[in-house]
Amino acid sequence: PLTLEEVRMLVELFYLPYHHGPLAQQLLEHLRWLWANSVSVGVQATAPDACRGTQWRSRAQSFQLLCAQMCRLHSRFVSSARRALLYDLHPYLWDIRNMLLAASAFVLWLGCQSITAPILLGGDAEPWARRGGLFGELQALLPVGNSCDLFYHPPPLFPSSQLYLLRPLLPLDKGMGADPSVPWGRLGCGQQLGHAPALAGRLLGSFLSLSPEYTFVLEDEGGLCGYAAGALCAEGFLQQRDSSWLPAIRHKYPWDLGTGAPALGQEALLFFHAEPPAVPLPVLRRFPSLVQLGTAPRVLDVGASRSLAICLLSALRANGSRGVFCQVSNTDWQQLNFYSKLG
């Protein structure tokens, strides 16, 4: 059964729409402060302040621990609560879990990026655009908080106690870009096929090499199970991909490498050697950023996928992006279904 401390935590999350318990209030205060003071940290901070940076990282760690406790509470509640109580309260706790997954990863991202002019959103949204309660206040603090359509999705019919970790690509992961096919085979979208690049290499190789600062990963108990990748300036990213990254990959993986390889390796080689479709200039002008997301087949909880999208879009919005697009083949039913489920 749930412990007394866990029950207290549950109650403090859901006092009244605009009145929260001490733990929930602490969450909000940490997130407000971390977002407002993010210019003092990051690898390229214009005016690094050692004292303020230490304070920021200390509060970020406290925020991460609180988020982890809330996510564990969701998992424990699904495992321990009686069915009637579970189905009454699970939608609210599931919403909070998803929001905190995104907020926690966004704070981690703030600590390793340079945000020179954070976009602190004001009260310009219509009152109906945000829900009340802790969920609504957390939503309002994220850079994409006014995009209300991102934040509504019905909870799963069958609650899962699976624990997830959502985080940005870390410096230790940067070696993944050396061979784009090796580590991402664990996502379930490909594996190493002799010397041919796997399908995952074609999905993520250019982002890992050219835009790693906007790459996030989702992990469960089995390891990597999802990714979200983006490019802030899609026009420059696509030009660099076509002029330098693709020629280097084609040289590394020549046409004849696919001779006798399984179909998946041949498909990846075909992708690398085909001319990528041009993106119309009006699209680039209206939607200046490119995004790409995916999860392994074992990720059945659409809430975790939604958290991936919210975190990536928050990072792009924080650096000034005003719109995104993704490129999907009209024959790629797996990706089309994935994006459709995200709404």
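Below: a short report on this structure. The structure presented is a predicted model; accordingly, all values stated were derived computationally and were not measured.

Under the definition given, this model contains six aromatic pairs. Taken together, a centroid distance of 5.2 Å and an interplanar angle of 75° make the contact between W35 and F106 edge-to-face. With a gap of 71 residues between them, W35 in helix α2 (residues 22-36) and F106 in helix α4 (residues 83-112) connect regions that are remote in the sequence. Taken together, a centroid distance of 5.8 Å and an interplanar angle of 20° make the contact between F106 and W109 stacked. Residue F106 and its partner W109 are both found in helix α4; the two are separated by three residues, about one turn of the helix. Judged by relative accessible area, W109 falls into the buried class, the value being 1%. Taken together, the ring pairs connect W35, F106, W109 and Y214 into an aromatic cluster.

Mapped onto the fold, A315 is located in helix α10 (residues 302-318). The exposure class assigned to A315 is buried, which follows from its relative accessible area of 0%. If we ignore the near neighbours within four places in the chain, the residues touching A315 are F106, W109, Y214 and F216.

Turning to helix α7 (residues 234-252), a few remarks are in order. Approximately 45° is the largest bend angle found in α7, and it occurs at R241. Of the residues making up α7, those classed as buried are A234, F237, L238, R241, W245, L246 and I249.

Bringing the packing of α2 against helix α5 (residues 133-141) into the picture now. Following both chains from N to C, one finds α2 and α5 inclined at 5°, their axes separated by 10 Å at the closest point. Considering their axes alone, α2 and α5 lie roughly parallel with respect to each other. Residues A24, L28, L31, R32 and W35 of α2 touch α5, and the partners they reach there are L134, E137, L138 and L141. Class assignment for the residues of the contact of α2 with α5 results in seven nonpolar, no polar and two charged.

This brings us to the pattern of salt bridges. Where side chains of opposite charge bring their charged atoms close, a pairing between them can arise. Evaluation of the coordinates by the stated rule reveals nine salt bridges. Note that R32 and E137 form a salt bridge whose closest N and O atoms lie 3.2 Å from each other. Separated by 105 residues along the polypeptide, R32 in helix α2 and E137 in helix α5 bring together distant segments of the chain. R32 gets classed as partly exposed once you look at its relative accessible area, which sits at 36%.

As for its position among the elements, E6 is in helix α1 (residues 4-13). For E6, a relative accessible area of 13% puts it in the buried group. Among the polar contacts listed, one links the side chain of E6 to the backbone nitrogen of T3, at a separation of 2.9 Å. With near-sequence residues (within four places) excluded, E6 lies in contact with L73 and R76.

This paragraph deals with the pairing of strand β2 (residues 215-220). β2 sits mainly inside the fold: five of its six residues count as buried. Note: strand β1 (residues 165-168) against β2, four bridges, orientation antiparallel. Bridged to P168 within β2 is F216. Relative to strand β3 (residues 223-231), β2 is paired through six bridges, and the arrangement is antiparallel. Residue V217 lies in a different strand from β3, and its bridge partner there is Y227. From the end of β2 to the start of β3, which pair antiparallel, there are two residues.

Conventions we followed
- Residues numbered from 1 in each chain as written.
- Predicted model: local features only at pLDDT ≥ 70, side-chain atom pairs only at ≥ 80, totals over all residues.
- Heavy atoms only, no water.
- Phe/Tyr/Trp six-rings, centres within 6.5 Å; stacked < 30°, edge-to-face > 60°.
- Helix = DSSP H or I, 4+ residues; strand = E, 2+ residues; numbered from the N terminus.
- Buried < 20%, exposed > 50% of the residue type's maximum accessible area, 1.4 Å probe, protein only.
- Contact = heavy atoms within 4.5 Å.
- Bend = angle between axes of the 7 residues up to and from the residue.
- Axes fitted to C-alpha atoms, helices over the stretch in contact; angles between N-to-C directions.
- Parallel < 35°, antiparallel > 145°, perpendicular 65-115°, else oblique.
- Nonpolar A, V, L, I, M, F, W, Y, C, P; charged D, E, K, R; others polar.
- Salt bridge = Lys/Arg side-chain N within 4 Å of Asp/Glu carboxyl O.
- Polar contact = N/O pair within 3.5 Å; in protein donor to acceptor, adjacent residues only side chain to side chain.
- Pairing = 2+ DSSP bridges.

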